[in-house]
Amino acid sequence: MSSEQTRRRVSIFGATGSIGQSTIDLIARAPDAYDVVALTGGQNIAQLARDAIRLGAQVAVTADAARLPDLQQALAGSGVEAAAGRTALVEAADRPADWVMSAIVGAAGLEPGLRALQRGATLALANKESMVCAGPLMLRTAQAHGGRLLPVDSEHSAVFQALIGEDLDAVERVIITASGGAFRDWPVEDLAHATPEQAATHPNWDMGQRITIDSASMFNKALELIETKEFFGLSPDQIETVVHPESMIHALVGFNDGALMAHVGAPDMRHAIGFALHYPERKPLPVERLDLVALGQMTFRPACETRWPALRLAREVMEAGGLNGAAFNAAKEIALDAFIAKQIGFTRMAEVVEEVLNRLSTQLCHIDDLFDLDMVVEADHLARTQARQVIAEDT
Ligand code: NDP
């Protein structure tokens with residue numbers, strides 16, 4: 001086989017973000033192994049253009065149509081095509097890449113991922129919101145078109161790896177670990193006064209601003225619990241959370257013979273990204289090898305739903321099913337925007353989301369197999385409108 005034939009065609013959605021940059025780091029280490037088809041970003045035009053030129057991408061796309069002239073200017077003379085806007089972003093997923101990284105933040109990542117699956121591509125899914133909003137639709141689409149979904153969230157990659165070669169019927173439970181985020185040691189009564197700057201500092205992981213704040217509120221973990229249910233077809237009572245401040249164990253799978261298989265590794269997303277990039281093979285990755293003696297000990301604490309009400313809401317959403325995940329995520333995104341803009345306090349975020357779910361409970365489809373993309377978009381829109389309304393009522 002010639003080297004041309006062995007090169008893999010890859011696209012990275014959300015290339016300018018934290019996951020996107022880690023993916024580029026891995027791909028750039030093996031320039032002969034990959035042809036880069038599309039890179040997409042949002043506001044960070046300089047980074048997008050720099051990486052597109054460096055990797056020789058076919059096309060660079062910014063989601064913001066108004067930034068097209070900037071992108072064209074940054075790419076002038078490079079031979080990389082420039083495109084902009086929501087439609088161009090989604091159409092970039094139609095380009096024939098074999099492996100597509102889905103690393104846009106938020107519900108905006110859903111449609112490009114679905115389009116890649118419709119082409120039968122392998123979709124490496126960092127964008128957890130896709131599974132939260134439309135897990136059954138993602139799985140149906142992959143199955144119908146011969147696409148493959150691989151988890152990139154470290155917890156889901158850990159579960160996936162622990163399940164290799166196992167009988168799914170022998171799984172009793174999955175334990176998802178949580179670092180506890182920036183405020184895990186704060187007195188609960190102080191949380192109402194926490195600022196966005198304080199929430200955006202993660203003790204263990206270096207991540208984007210939004211997911212770091214979501215770690216402090218445990219909304220990130222809440223999304224991951226829902227993602228676990230969808231990805232692995234578990235019932236809500238099979239999914240547990242435990243706070244593990246060292247973030248060395250990413251998840252554990254408990255089997256019916258009492259065995260508990262843990263995935264242990266340094267907190268570096270390049271492991272899960274690299275695993276998905278090379279799957280089903282394992283290849284060397286530039287991640288730290290753990291020294292267990294130096295680590296000394298690993299500790300665990302209960303994940304308290306009073307401190308982190310997002311965990312209780314996640315359980316309710318998993319039990320309700322259907323489009324409740326889409327509404328939950330959308331309301332969370334609006335509440336997070338409002339917290340970042342200092343319109344609402346830290347603890348108000350969960351109250352806003354709960355209020356939105358209560359107000360919409362009779363309007364949302366509760367049946368997993370009965371919704372399509374339009375219905376997801378509609379639920380997302382309804383929840384955003386309702387969340388803005390709830391926040392406006394505060395003032
Ligand atoms: P970042 O905020 O660092 O990056 C987000 C990316 O999405 C950027 O490329 C950004 O462009 C782009 N983007 C933002 N808004 C839009 C939009 N409306 N339309 C299209 N593109 C957009 O996020 P992360 O990399 O931290 O996270 C990405 C996803 O991966 C999230 O779903 C997150 O939950 C998940 N994840 C992240 C982990 C991590 O360690 N960071 C771990 C596990 C999962 P620009 O910056 O140019 O504006």
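Caption draft 1: Summary view of the sheet that holds strand β10 (residues 249–255). Strands sit in the order β11-β10-β8-β9-β12 across an open sheet of five strands; the sheet is mixed. Edge strands, defined here as strands with exactly one partner in the open sheet, are β11 (260–264) and β12 (301–302). In this fold helix α11 (residues 219–232) packs onto β8 (171–178) and β9 (239–243), with an angle of close to 160° to the strand it touches most, β8.

Caption draft 2: Inspection of the site of the ligand at higher detail. Every one of the 24 residues lining the ligand counts as a neighbour, but Thr16, Gly42, Gln43, Glu129 and Asp153 are closest to it. Valine 105 is positioned such that a nitrogen or oxygen atom in its backbone is 3.4 Å from an oxygen atom of the ligand. Backbone polar atom of glycine 208 to an oxygen atom of the ligand: 3.2 Å apart, as the coordinates give it. Protein burial of the ligand: of its 890 Å² of free accessible surface, 83% is covered by the chains. For the shell around the ligand, the secondary-structure elements that each account for two or more residues are α2 (18–28) and α7 (128–145). Of the residues that constitute the shell around the ligand, the class distribution is eleven nonpolar, ten polar and three charged.

Caption draft 3: Quick peek at the pairing of strand β5 (residues 99–102). Neither face of β5 is open: one carries Trp99 and Met101, the other Val100 and Ser102, and all of them are buried. Pairing between strand β1 (residues 8–13) and β5: four bridges, direction parallel. Across the sheet, residue serine 11 finds its bridge partner in β5, namely valine 100. Sheet analysis places β5 next to strand β6 (residues 122–125), joined by four bridges and oriented parallel. Bridged to tryptophan 99 within β6 is threonine 122. Between β5 and its parallel partner β6, the chain crosses via helix α6 (residues 110–118), and the hand of that crossover is right-handed.

Caption draft 4: Representation of the sheet that holds β6 in the model. Spatial ordering of the open sheet is given by β4-β3-β2-β1-β5-β6-β7, a layout of seven strands whose pairing is parallel. Since the sheet does not close on itself, it has two edges, and those belong to β4 (81–84) and β7 (148–151), each with one partner. Ignoring which end each strand starts from, the neighbouring axes of this sheet average 20° apart. Here α7 sits on the sheet and contacts β6 and β7; the angle it forms with β6, its principal contact strand, is near 160°.

Caption draft 5: Geometry of the packing of aromatic side chains. Inspection of the entire model under this criterion finds eight aromatic pairs. Relative to tyrosine 279, the ring of phenylalanine 275 lies with its centre 5.6 Å away and its plane at 50°, an arrangement referred to as tilted. Joined through ring pairs, the aromatic side chains of Phe183, Trp186, Phe339 and Phe346 make up one cluster. Above the face of the tryptophan 308 ring, arginine 307 is positioned so that its terminal group lies 5.5 Å from the ring centre.

Caption draft 6: Spotlight on the side chain of arginine 384. For arginine 384, the position within the fold is in helix α17 (residues 373–394). When neighbours within four sequence positions are excluded, arginine 384 is seen to be in contact with Ala107, Ala330, Glu333 and Ile334.

Caption draft 7: Seen up close, the packing of α7 against α11. Following both chains from N to C, one finds α7 and α11 inclined at 15°, their axes separated by 8 Å at the closest point. If you check the angle between α7 and α11, you find them roughly parallel. Where α7 crosses over α11, the handedness of that crossing is left-handed. Of α11, the residues touching α7 (which contributes Lys128, Glu129, Met131, Val132, Gly135, Pro136 and Leu139) are Asn220, Leu223, Glu224, Ile226, Glu227, Glu230 and Phe231. Here the contact of α7 with α11 is built from residues that sort into seven nonpolar, two polar and five charged.

Caption draft 8: Region of the structure containing the pattern of salt bridges. If you walk through the whole model with that rule in mind, you get 31 salt bridges. The residue aspartate 25 makes a salt bridge to arginine 270 at a minimum N-O spacing of 3.0 Å. Linking aspartate 25 in helix α2 with arginine 270 in helix α12 (residues 270–278), this pair joins segments that are 245 residues apart in sequence. Given the relative accessible area of 16%, arginine 270 is considered buried.

The rules we used
- Residues numbered from 1 in each chain as written.
- Predicted model: local features only at pLDDT ≥ 70, side-chain atom pairs only at ≥ 80, totals over all residues.
- Heavy atoms only, no water.
- Pairing = 2+ DSSP bridges.
- Helix = DSSP H or I, 4+ residues; strand = E, 2+ residues; numbered from the N terminus.
- Contact = heavy atoms within 4.5 Å.
- Axes fitted to C-alpha atoms, helices over the stretch in contact; angles between N-to-C directions.
- Near = heavy atom within 4 Å.
- Polar contact = N/O pair within 3.5 Å; in protein donor to acceptor, adjacent residues only side chain to side chain.
- Areas by Shrake-Rupley, 256 points an atom, 1.4 Å probe, with all protein chains shown as cover.
- Nonpolar A, V, L, I, M, F, W, Y, C, P; charged D, E, K, R; others polar.
- Buried < 20%, exposed > 50% of the residue type's maximum accessible area, 1.4 Å probe, protein only.
- Right-handed = clockwise from strand over helix to strand, strands pointing away.
- Phe/Tyr/Trp six-rings, centres within 6.5 Å; stacked < 30°, edge-to-face > 60°.
- Lys NZ or Arg CZ within 6 Å of the ring centre and 35° of its normal.
- Parallel < 35°, antiparallel > 145°, perpendicular 65-115°, else oblique.
- Left-handed = near helix turned anticlockwise from the far one by under 90°.
- Salt bridge = Lys/Arg side-chain N within 4 Å of Asp/Glu carboxyl O.

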